[in-house]
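# Understanding the architecture of this molecule
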Amino acid sequence: MTALFRNRLAYLSLSFVLLIAAFPLVSLGMTAGPNVLWWLGLLSLCCGGLIPPLQRLILGPPNTDTAAS
């Protein structure tokens, strides 16, 4: 799991996909679908929102050390 948090593009992409997937799941769960869809959407929203702060708590801020030439 920590390998995912070391690759900035990977964890931000996963977070973005979870946040995007949350909206249709919540919408379907509230209108016509089963309640499980609503709970999956809420879980997806929470997980997607917590990934970036957890990465900063676990590994600290991303390295932006670039050699200026």
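So, here's what we can say about the structure. Nothing here was measured: the structure is a model prediction, and the numbers come from that model.

### Digging into the packing of aromatic side chains
In total, this model carries one aromatic pair according to the counting rule given. When the centroid spacing of 4.8 Å and the interplanar angle of 90° are considered together, the rings of tryptophan 38 and tryptophan 39 count as edge-to-face. Owing to a relative accessible area of 25%, tryptophan 38 belongs among the partly exposed residues under this scheme.

### Quick look at the packing of helix H2 (residues 8-31) against helix H3 (residues 35-59)
Where H2 contacts H3, the two axes come as close as 7 Å, and the packing angle between them is 155°. Considered as vectors, H2 and H3 are oriented roughly antiparallel to each other. Regarding H2 and H3, the two cross each other, and that crossing is left-handed. Broken down by class, the residue content of the contact of H2 with H3 amounts to 20 nonpolar, eight polar and no charged.

### Some thoughts on the side chain of glutamine 55
If you trace the backbone, glutamine 55 turns up in helix H3. Classification of glutamine 55 as buried rests on a relative accessible area of 5%.

### Quick look at H2
Compared with the 34 Å implied by 1.5 Å per residue over 24 residues, the 36 Å span of H2 between its first and last C-alpha is a close match. Inspection of H2 places Tyr11, Ser15, Ala22 and Gly29 among the buried residues, and these make up the whole buried set.

Thresholds, definitions, all that
Residues numbered from 1 in each chain as written. Predicted model: local features only at pLDDT ≥ 70, side-chain atom pairs only at ≥ 80, totals over all residues. Heavy atoms only, no water. Phe/Tyr/Trp six-rings, centres within 6.5 Å; stacked < 30°, edge-to-face > 60°. Buried < 20%, exposed > 50% of the residue type's maximum accessible area, 1.4 Å probe, protein only. Axes fitted to C-alpha atoms, helices over the stretch in contact; angles between N-to-C directions. Helix = DSSP H or I, 4+ residues; strand = E, 2+ residues; numbered from the N terminus. Parallel < 35°, antiparallel > 145°, perpendicular 65-115°, else oblique. Left-handed = near helix turned anticlockwise from the far one by under 90°. Nonpolar A, V, L, I, M, F, W, Y, C, P; charged D, E, K, R; others polar. Expected span 1.5 Å × (residues − 1).

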